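Spelled out from the first residue to the last, the chains are:
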Amino acid sequence: MNRRMDHVMCSPLFRALYVVWSVLAWSWSSAQNYGPQRLPCRYNAGLVTLMVPITEGDTLSFYLDTGGINALYPSGVRKIGKASRRRDAWDRTKLGSLFSTHDIPLPLVRDLHFVKDGQPTTDGMLGRGWFAGLCWQFDHRDGTLEVGNTLKDPPVDSIPIFFTVDVHGAPTHHLPRVDVVIDGDTLSLLLDTGAQASTEGGSVIATSFITDSVFTVWQARHPHWVVNDRADRSFRPWADMIVVPTMRIGGQEVGPVTFTVREKRNFEVLSTHFMDKPVVGALGGNALGLLERFSLDYPRAKMYMMR
């Protein structure tokens, strides 16, 4: 859930329209068979961008966000030509053929939003509908991303990830929830590779999110924990950022991890409509990057990590 979209999701009108649209728009593609194979991507400040070649020297860049949506920004529309806004936009535009040509998975859920983002650094976003149904291996150390129906070499340490499911037990919204331990408490968080903050100088960096209510508890318990006042300049009012010295993800202890404060209502809306259980924040690329290498197995609802 990127720094612009989480602000938009606070709008009551957006929430109402999006819930209705989501019910109507979920459509399943035929089964895909992949790899495992390596995808063309770039890692920067804990965030991952897919680089899809268009012509020699020109690429279509997609910000990868497990907590986000499939979206095309105006720059992406200009690169691929006029885009259909129908539900079959992936098949009716150059997008589908581009992905197929370069053997990049098409989304399991073929939704595509056309977003007039403020000042995007990419041409679009690939979110929950793109990640669904496959296995993904992120390597922050080597800067690689692999995808397949199964994992080539799954690390041995694993924890469950959780999704909302229908009456048949099939995942619906494809937003992964994960449990972590911070300060002796088990907290449920959205697993969000796209969580981001904006620094005073305008740089976009990976972060994790926590609700203002949990932030208040942490401050009271640990007045020595570093708090960077109004450090996130994504939108007004500027948000505080707190540094958690250490946290546990499964059997792995990582830290320090910076959490950016967000109003509790942001995650109440998310929890009500899209999660199997209430969440109090998001686990972002700044924390995930400390694992160096991890895998998300959507079909088996598992997250694997190196020991």
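Residues numbered from 1 in each chain as written. Predicted model: local features only at pLDDT ≥ 70, side-chain atom pairs only at ≥ 80, totals over all residues. Heavy atoms only, no water.

Peer 1: How would you sum up the overall build of the chain? Please name residues and give values.
Peer 2: Helix and strand content of the chain: nine helices and 23 strands. Put simply, the chain has 307 residues, and 55% of those count as buried. Across the chain, every contact between residues at least 6 apart in sequence was considered, and the portion connecting residues at least 24 apart equals 67%. For the chain, the accessible area works out to roughly 13500 Å², and carbon and sulfur atoms hold 52% of it. (Helix = DSSP H or I, 4+ residues; strand = E, 2+ residues; numbered from the N terminus. Buried < 20%, exposed > 50% of the residue type's maximum accessible area, 1.4 Å probe, protein only. Contact = heavy atoms within 4.5 Å. Areas by Shrake-Rupley, 256 points an atom, 1.4 Å probe, with all protein chains shown as cover.)

Peer 1: Quick one: what's the story with the sheet that holds strand E2 (residues 41-44), residue by residue and with numbers?
Peer 2: In a beta sheet, neighbouring strands are held together by backbone hydrogen bonds and run either parallel or antiparallel to one another. Spatially, six strands are ordered E2-E3-E4-E7-E5-E6 in an open sheet, and the strand pairing comes out mixed. Sheet topology places E2 and strand E6 (113-114) at the edges, where each strand pairs with a single neighbour. The sheet contact formed by strand E4 (residues 58-64) and strand E7 (residues 124-126) spans three bridges and is parallel. Bridge pairing in E7 links phenylalanine 62 to glycine 124. (Pairing = 2+ DSSP bridges.)

Peer 1: I'd like a description of the pattern of salt bridges, backed by residues and values.
Peer 2: Considering all chains together, one arrives at 13 salt bridges under this definition. Residues lysine 79 and aspartate 58 are paired through a salt bridge, measuring 3.9 Å at the closest nitrogen-oxygen approach. Placement of the pair is lysine 79 in helix H3 (residues 74-80) and aspartate 58 in strand E4, with a sequence separation of 21 residues. Residue lysine 79 is classed as partly exposed on the basis of its relative accessible area of 32%. Between aspartate 276 and arginine 177 there is a salt bridge, and its shortest N-O distance comes to 2.7 Å. On the criterion of sequence distance, the pair formed by aspartate 276 in the loop between helix H8 (264-274) and strand E21 (281-283) and arginine 177 in strand E11 (residues 177-182) is long-range, its members being 99 residues apart. Arginine 177 sits in the buried class, given a relative accessible area of 4%. (Salt bridge = Lys/Arg side-chain N within 4 Å of Asp/Glu carboxyl O.)

Peer 1: Describe the environment of lysine 264, naming the residues involved and giving the relevant values.
Peer 2: As for its placement among the helices and strands, lysine 264 is situated in helix H8. Once the C-alpha coordinates of lysine 264 and threonine 211 are considered, the two residues, 53 residues apart in sequence, prove to be 4.8 Å apart. Excluding its chain neighbours within four sequence positions, the residues that come into contact with lysine 264 are Thr211, Asp212 and Ser213.

Peer 1: Go over the nonpolar core with me, naming the residues and quoting the values.
Peer 2: In this structure, Phe99 and Met303 are the most contacted members of the largest nonpolar core, which totals 61 residues. Top contributing element to this core by residue count: strand E3 (residues 47-55), with four residues. In this structure, methionine 303 is in contact with Asp157, Ser158, Ile159, Ile161, Leu191, Ile249, Leu288, Leu291, Phe294, Ser295 and Leu296, ignoring residues within four places of it in sequence. Membership of the second largest hydrophobic core comes to ten residues, among which are Leu175, Ala195, Leu270 and Ala282. (Core = buried A, V, L, I, M, F, W, Y, C linked by side-chain atoms within 4.5 Å.)

Peer 1: Describe the sheet that holds strand E8 (residues 135-139), and please don't skip the residues or the numbers.
Peer 2: Read across the open sheet, the six strands follow the order E1-E9-E8-E22-E23-E10; overall the sheet is antiparallel. For this open sheet the edge positions go to strand E1 (37-38) and strand E10 (157-160), each flanked by a neighbour on one side alone. Strand direction decides the pairing type here: E8 and strand E9 (residues 144-148), joined by five bridges, are antiparallel. Across the sheet, residue glutamine 137 finds its bridge partner in E9, namely glutamate 146.

Peer 1: How would you summarise the side chain of histidine 174 if you had to cite specific residues and measurements?
Peer 2: Mapping histidine 174 onto the fold places it in the loop between E10 and E11. For histidine 174, a relative accessible area of 3% gives the class buried. Among the polar contacts made by the side chain of histidine 174, one reaches the main-chain carbonyl oxygen of threonine 172 at a distance of 2.9 Å. (Polar contact = N/O pair within 3.5 Å; in protein donor to acceptor, adjacent residues only side chain to side chain.)

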